[in-house]
Amino acid sequence: MSPAHYADLTGEQTVIRVGAATHVGRVRELNEDALVAEGLVFAVADGMGGHAAGEVASTIAALTLRDLSSRHPLRSDDVVDALRESNRRILKAATAPETDGMGTTVAGLTVVRTGGADHWCVFNIGDSRVYRFLGNRMSQITHDHSEVRELLDAGLITPDEAERHPMRNVITRSLGTDPAPVPDLWVFPPHPGERFVICSDGLSNEVSDRDIMVALRTHDDPQAAADALIEAALRSGGRDNVTVVVVAVESDQDDEEEGDTSPRHDLIST
Ligand code: MG
């Protein structure tokens with residue numbers, strides 16, 4: 001059973017269970033992904049750069065975000081500030097020749113207070129992802145900051161072409177490469193029974209959305225789901241580091257309604 005975290009998400013105490021796993025994969029020598037699953041801060045960072053520099057960048061981002069877990073209540077501005085602080089620390093650490101040019105993606109989920117109530121806050125820079133699963137439906141909340149996504153949005157390539165596109169690993173936003181990178185943020189109310197998958201592209205490039213959904217349907221326990229997703233990525237090649245955090249809001253309802261369960265989340269411009 002995954003460990004329980006507690007939040008006042010719905011006016012009464014809500015139990016949140018979390019599963020987390022990371023793997024170097026079958027090809028790479030180093031795991032340059034990092035993750036946070038502490039208190040109510042859940043995130044994945046996928047580092048890039050020569051030698052071990054990517055690992056330095058993703059670890060700085062993870063540790064900076066982890067500090068948010070001791071602060072309550074948070075506001076969405078605190079999340080933006082933590083991302084900016086991560087960026088400053090990465091740029092500061094990138095002055096040595098071996099860390100020059102290092103950077104990292106980050107995608108995650110935390111709880112912020114807005115309008116007097118606790119809400120989920122999903123944040124993203126780069127092409128790590130956050131998916132939301134409820135009532136047998138799954139949607140990707142984050143938009144990849146990648147050249148392929150931009151080409152797709154512009155209607156210049158098809159979704160099929162995007163999956164095989166040679167530029168599919170080129171990201172357009174990251175921490176450590178820009179003095180002031182702009183994160184995307186979504187703030188929306190929690191719902192009993194919903195689950196989230198936060199992952200690096202080592203999962204989403206190897207495992208289809210449909211197979212991610214199947215793993216969530218098969219494994220109720222978040223740790224079992226996270227382990228199954230890592231296994232699926234390794235089975236399909238494991239060409240990159242793969243990291244997964246699964247967050248589940250425990251439901252006291254036996255049957256999750258099939259009605260309007262589509263996520264109501266609007267992109268907040270920062
Ligand atoms: Mg990766």
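Not measured: the values here are computed from a predicted model. (Residues numbered from 1 in each chain as written. Predicted model: local features only at pLDDT ≥ 70, side-chain atom pairs only at ≥ 80, totals over all residues. Heavy atoms only, no water.)

Regarding the coordination of the magnesium ion
Consideration 1: Every protein donor of the magnesium ion is accounted for by D46 (OD), D201 (OD) and D240 (OD), and the metal-donor separations fall at 2.1 to 2.2 Å.
Consideration 2: By relative accessible area, D46 is classed as buried at 8%. (Donors = N, O, S within 2.8 Å, 3.2 Å for Na, K, Ca; no water. Buried < 20%, exposed > 50% of the residue type's maximum accessible area, 1.4 Å probe, protein only.)

Some points on the pattern of salt bridges
Consideration 1: Under the counting rule described, the total for this entry stands at 12 salt bridges.
Consideration 2: One salt bridge in this structure joins R17 and E250, with 2.7 Å as the shortest N-O distance. Taken as a pair, R17 in strand β2 (residues 14-23) and E250 in the loop between β12 (242-249) and β13 (267-268) lie far apart in primary sequence, 233 residues in all.
Consideration 3: E250 gets classed as partly exposed once you look at its relative accessible area, which sits at 39%.
Consideration 4: In this structure, D78 and R71 form a salt bridge, with 3.3 Å as the shortest nitrogen-oxygen distance.
Consideration 5: One salt-bridge network, in which partners are shared between bridges, spans E85, R88 and R89. (Salt bridge = Lys/Arg side-chain N within 4 Å of Asp/Glu carboxyl O. Helix = DSSP H or I, 4+ residues; strand = E, 2+ residues; numbered from the N terminus.)

Regarding the nonpolar core
Consideration 1: Core analysis: the largest hydrophobic core is formed by 28 residues, its most contacted members being L65, L68, V79, M102, V106 and F123.
Consideration 2: Secondary structure elements with two or more residues in this core: β3 (33-38), β4 (41-48), α1 (53-66), α2 (76-93), β6 (106-114), β7 (117-125) and β10 (184-188).
Consideration 3: With 6 residues, the top contributor of residues to this core is α1.
Consideration 4: V106 has contacts with A43, V44, A45, L65, L83, F123, N124, I125 and L175, leaving out every residue within four places of it along the chain.
Consideration 5: Within the second largest apolar cluster, 22 residues are counted, among which are C199, M213, A225 and A233. (Core = buried A, V, L, I, M, F, W, Y, C linked by side-chain atoms within 4.5 Å. Contact = heavy atoms within 4.5 Å.)

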